[in-house]
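Chain by chain, the residues:
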Amino acid sequence: MTSRVIPVDPFDLVIFGGTGDLARRKILPGLFRRFCAGQMPPSARIVGAARTELDHAGYREMASEAIKEFGGTTAANSDKLNAFLDTVYYVAIDALGDDGWEELQELCKEKNRVEAYYFSVTPALFGDLAERLHYWGMAGPDSRIVVEKPFGRNLATAKNLNATLAAHFDEHQIYRIDHYLGKETVQNLMAVRFGNMLFEPLWNAQYVDHIQITVAETVGVGGRGEYYDKAGAMRDMVQNHLMQLLCLIAMEPPARFDPDAVRDEKLKVIRALDPVLPHHLMRGQYEADHSDEKAHPSYREAVEDPRSKTESFIALKTHISNWRWAGTPFYLRTGKRMSARSSEITVVFKETPHSIFGEDAGRHRNVLSIRLQPNEGITLGVTIKEPGPGGMRLIDVPLDMTFAEALGADSEHVDAYERLIMDVIRGNQTLFMRGDEVEAAWAWTDPIIHGWEERGEVPKPYESGTDGTTDSHELMRRDGRKWREVSP
Ligand code: NAP
């Protein structure tokens, strides 16, 4: 099935940090794919901006290599690469000085097109960039800024950053990106919930036993050790990605699918979250792995701090205190060096109240699993009769909707970043976090972090290639439940 592509309006997109990892791995290849799909008009311009001295040709060469290396090109589209590169420019600029700003101003002076500025630089520079854009007259009322994560490291720093940005841009101009929200399945989650009659009547504490959200990675901290050790899984993953998923799964139906209606409902979920009790929270650090010929250092070795207290794994239980969810536990876990790379939300429904088939048939539960990566798709486990003459025996089988299979390969190639960048150009903020949402998320997260710091807790070691600490399994076991297996 081929999706209909509607071209966006002509735009100038300035990528601050245009020579960095994110620009090379995601932003440039994504834009190239949108160009090939006919969504990015040929008159659009992409301007890389960073301190490295390069001319337009030099940056085009870098962009070309990045697009080829990171999967932008295929046999079907490589002939379009040169036309795409014609839309690419570069300005050597310093976010902390005056170098390059006049040139950028000159390059972007053409109006009557969308002006967007992507802050793909270290968060320490977000405020400086906003201030300089304003100073150099590029913070017009229709311009947009895209702000990468992390957005603050606690409530106070997030508030400061919001205030700095708000001094120069209105909230409707600020796009705080969380690429999880750009995933096809995340939007499909809303379509499944609010576009069908089937689920919503059951979507509450009366019918749902519990909800699990797992974001598991197989990689360790790699070269990001210095950054990661100051953040940890709570700040790096839970405060943003997992909480956004929690909001979408738990929110009330918004009146309309428009940015503020959706974000108002998400905000209500965050504000209704209970504090996490100390015994409902488990943290871990992965151990070294010598199971293959490659050396996989332990977390503490990777961050070069033998006494680090930062968690590379976290599991927790929380509740949402509102009418819909009172009493339903939400279990969240995320970690590095786990058994498989997998992001999944699982809604486990309650058992049927009475089994007409007798106790031998067993008690069954429907399980709805929403898989974000890999193999995006939604599976509903239903109970049926085991085929054959063996009597009335029940088994669970999946009703599977893997999007790539159901909708054709086309749906697979829209990466979260390219979808979100097109939303920026269209001026649609639905899939971006509002300032008050981010602050509410930190307001919930901060006391949890302060709690373990005050108690002097040290994360427990866990074996690489497993699904986290043993006490995280105990968290489930003592509630008579278990984590869904992390599978690739
Ligand atoms: P990176 O590889 O370190 O790139 C940083 C970029 O900023 C480079 O282009 C650098 O180029 C430029 N830069 C540094 N100082 C500058 C200054 N004073 N003025 C202008 N440009 C400056 O970082 P990254 O991994 O791309 O990450 C960028 C942002 O995205 C960060 O906020 C990060 O947290 C976020 N993020 C990244 C990823 C990812 O997968 N990489 C994922 C999620 C979020 P010069 O040295 O040439 O100036």
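Residues numbered from 1 in each chain as written. Predicted model: local features only at pLDDT ≥ 70, side-chain atom pairs only at ≥ 80, totals over all residues. Heavy atoms only, no water.

Under an unreviewed UniProt entry, the name given to the protein is Glucose-6-phosphate 1-dehydrogenase, and the organism recorded is Sulfitobacter sediminilitoris. Under the heading Function (unreviewed entry), UniProt records this for the protein: "Catalyzes the oxidation of glucose 6-phosphate to 6-phosphogluconolactone." According to its UniProt record, the protein has this under Catalytic activity (unreviewed entry): "D-glucose 6-phosphate + NADP(+) = 6-phospho-D-glucono-1,5-lactone + NADPH + H(+)". (UniProt positions renumbered as here; feature names shortened; annotations may be inferred.)

**Structural notes on the overall build of the protein**
Secondary structure assignment for the protein yields 14 helices and 15 strands. A compact globule built from 488 residues would reach a C-alpha radius of gyration of about 23 Å, and the protein, at 24 Å, matches this within 12%. C-alpha extents for the protein along the principal axes are approximately 75 × 55 × 50 Å. Classification of the 488 residues of the protein by burial places 54% in the buried group. For the protein, the proportion of contacts with a sequence separation of at least 24, taken over those separated by at least 6, is 77%. Accessible surface computed for the protein: about 21900 Å², of which carbon and sulfur atoms make up 52%. One finds the centroid of the 57 positive side-chain charges in the protein at a distance of 4 Å from the centroid of its 73 negative side-chain charges. (Helix = DSSP H or I, 4+ residues; strand = E, 2+ residues; numbered from the N terminus. Rg over C-alpha atoms; globule rule 2.2 N^0.38 Å. Buried < 20%, exposed > 50% of the residue type's maximum accessible area, 1.4 Å probe, protein only. Contact = heavy atoms within 4.5 Å. Areas by Shrake-Rupley, 256 points an atom, 1.4 Å probe, with all protein chains shown as cover. Lys, Arg positive; Asp, Glu negative; His and termini not counted. Charge placed at Lys NZ, Arg CZ, Asp CG, Glu CD.)

**Considerations on the pairing of strand β9 (residues 313-318)**
Most of β9 is tucked away: six of the six residues are buried. Where burial is concerned, the two faces of β9 agree: the one with F313, A315 and K317 and the one with I314, L316 and T318 are both buried. Bridging between β9 and strand β10 (residues 330-335) involves six bridges; their strand directions are antiparallel. Paired with L316 across the strands is L332, a residue of β10. (Pairing = 2+ DSSP bridges.)

**Digging into the packing of helix α7 (residues 184-195) against helix α8 (residues 225-250)**
For the pair α7 and α8, interaxial distance at closest approach is 9 Å and the crossing angle is 15°. By the criterion of interaxial angle, the relationship of α7 to α8 is roughly parallel. Considering the relative orientation of α7 and α8, their crossing is right-handed. Residue-level contacts link V186, L189, M190 and R193 of α7 to L245, L248, I249 and A250 of α8. Its residues placed into classes, the contact of α7 with α8 shows seven nonpolar, no polar and one charged. (Axes fitted to C-alpha atoms, helices over the stretch in contact; angles between N-to-C directions. Parallel < 35°, antiparallel > 145°, perpendicular 65-115°, else oblique. Left-handed = near helix turned anticlockwise from the far one by under 90°. Nonpolar A, V, L, I, M, F, W, Y, C, P; charged D, E, K, R; others polar.)

**Overview of the pairing of strand β8 (residues 281-286)**
Of all six residues in β8, six are buried; the element is thus mostly enclosed. What you see with β8 is no split at all: L281, R283 and Q285 on one side and M282, G284 and Y286 on the other are buried throughout.

**What about the site of the ligand?**
Taken together, 22 residues surround the ligand, and among them T19, D21, R25, T52 and V121 come closest. Take L22: an N or O atom from its main chain is 2.8 Å from an oxygen atom of the ligand. Relative to its unbound accessible area of 880 Å², the ligand is 74% covered by the protein chains. At three residues, helix α1 (residues 21-36) tops the list of elements feeding residues into the shell around the ligand. Taken together, the residues that form the shell around the ligand break down as 10 nonpolar, six polar and six charged. (Near = heavy atom within 4 Å. Polar contact = N/O pair within 3.5 Å; in protein donor to acceptor, adjacent residues only side chain to side chain.)

**What about the packing of aromatic side chains?**
The description of two aromatic rings rests on the distance between their centres and on the angle between their planes. One pass over the full model with this rule turns up 16 aromatic pairs. When the centroid spacing of 5.6 Å and the interplanar angle of 35° are considered together, the rings of F16 and W101 count as tilted. Taken together, the positions of F16 in strand β1 (residues 11-16) and W101 in helix α4 (residues 101-107) put the pair 85 residues apart, joining distant regions of the chain. Centre to centre, the rings of W325 and F330 are 5.4 Å apart; their planes meet at 85°, and the pair counts as edge-to-face. Residue classification places W325 among the buried residues on the basis of a relative accessible area of 0%. Members of the aromatic cluster, joined through ring pairs, are F16, W101, Y117, F119 and F126. The ring of W452 carries the charged tip of R283 above its face, separated from the ring centre by 4.1 Å. (Phe/Tyr/Trp six-rings, centres within 6.5 Å; stacked < 30°, edge-to-face > 60°. Lys NZ or Arg CZ within 6 Å of the ring centre and 35° of its normal.)

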